[in-house]
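# Structural overview
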Amino acid sequence: MSPDVKTILLAVDFSEAAQYLAEYATLFAKGLDARLLVLYVSPSMNRYTTLYVPAESIQTLVSQILEGANRTMGEFMAERFSGVRAEGRVAYGYAPEKILEAAREAAADMIIMGTHGRRGVDRIPFGSVAEKVVKTAKIPVLTVRPS
């Protein structure tokens, strides 16, 4: 019996590599007649509470970041996923955890993500987020190295 892929989670960080990942995800979604859940995870700002930054300031910044991320996600979806059943979503927190949580909630059958995030190919041999997802996911993870 062959695997049945109905839902694919695509994790993006809106870096230059996101376009490349979108092409892979579109290829798989069309080829498998699957729907895409495109996820961006905004990093948690909790580490700044120890620097005497008022909680209200952090919460205001988080709200602005999430508002901007939602706007960027809307543009990203409109530009890259015409002709594909796709939904964009923004989350906040620890990226590996949020990616796996979203995959579980969506009953995803596969995750697609880049091997390198915003820090670039030269600084991280294998993106720490991708590594943690690959090591703990219970579904297949396709990692794509930016060209």
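To start, this report covers the structure provided alongside it. (Residues numbered from 1 in each chain as written. Predicted model: local features only at pLDDT ≥ 70, side-chain atom pairs only at ≥ 80, totals over all residues. Heavy atoms only, no water.)

### Re the nonpolar core
So the rule is basically this: Buried residues of nine kinds, namely Ala, Val, Leu, Ile, Met, Phe, Trp, Tyr and Cys, make up a nonpolar core once their side-chain atoms join them within 4.5 Å. The classification of residues rests on relative accessible area computed with a 1.4 Å probe and restricted to protein chains. Under 20% of the type maximum is buried, over 50% is exposed, and intermediate values are partly exposed. Helix and strand labels come from DSSP, where a helix needs a run of H or I of at least four residues and a strand needs a run of E of at least two; each type is numbered from the N terminus. Pairs of residues are marked as contacts when any of their non-hydrogen atoms sit within 4.5 Å.
With 24 residues, the main nonpolar core has Val-12, Val-38 and Phe-81 as its most contacted residues. Mapped onto this core, the elements with two or more residues apiece are strand 1 (7-12), helix 1 (17-32), strand 2 (35-42), helix 2 (55-80) and strand 4 (110-114). At five residues, helix 1 tops the list of elements feeding residues into this core. With residues near it in sequence (within four places) discarded, Val-12 still touches Ala-18, Val-38, Leu-39, Tyr-40, Val-41, Met-73 and Phe-76.

### Observations concerning unusual backbone geometry
Phi angles above zero are rare outside glycine, and Phe-14 is one such case at about 65°. By the element assignment, Phe-14 lies in the loop between strand 1 and helix 1. Of the residues examined, Phe-14 reaches a relative accessible area of 18% and is grouped as buried.

### Thoughts on the packing of aromatic side chains
Selection rule: Think of it this way: a Phe, Tyr or Trp ring, Trp meaning its six-membered ring, pairs with another when their centres are within 6.5 Å, and the plane angle makes it stacked under 30 degrees, edge-to-face over 60, tilted otherwise.
Scanning the model with the defined rule gives four aromatic pairs in all. Taking the centre distance of 5.7 Å and the plane angle of 70° together, the rings of Phe-14 and Phe-76 count as edge-to-face. Of this pair, Phe-14 sits in the loop between strand 1 and helix 1 while Phe-76 is found in helix 2, placing the two residues 62 residues apart along the sequence. Here the aromatic rings of Tyr-20 and Tyr-24 are separated by 5.4 Å at their centres, their planes lie at 80°, and the arrangement is edge-to-face. Of the two residues, Tyr-20 and Tyr-24 are both situated in helix 1; the distance of four residues between them amounts to about one turn of the helix. The class for Tyr-24 is partly exposed, based on a relative accessible area of 30%.

### Observations regarding helix 3 (residues 95-105)
Note the threshold: To be clear, the arc concerns the directions from the helix axis to the C-beta atoms.
Among the residues of helix 3, those classed as buried are Ala-95, Pro-96, Ile-99, Leu-100, Ala-102 and Ala-103. Down the axis, helix 3 shows its buried residues gathered within 160° of arc, on one side only. Exposed side of helix 3, more than 90 degrees from the buried face: Arg-104 and Glu-105 are the residues found there. Check the buried side of helix 3 and you find it contacts strand 1, strand 2, strand 4 and helix 4 (128-136).

### Some thoughts on the pattern of salt bridges
Where we set the bar: The salt bridge definition used is simple: a Lys or Arg side-chain nitrogen within 4 Å of an Asp or Glu carboxyl oxygen.
All chains considered together, the criterion is met by eight salt bridges. Among the ionic pairs, Glu-101 bridges to Lys-98, the shortest N-O distance being 3.6 Å. Of this pair, Glu-101 and Lys-98 are both found in helix 3, three residues apart, which corresponds to roughly one turn of the helix. Here Glu-101 falls in the partly exposed class, since its relative accessible area comes to 27%. What you see here is one network of salt bridges that share partners, running through Arg-35, Glu-87 and Arg-89.

In short, shape yes, function no, at least from these values alone.
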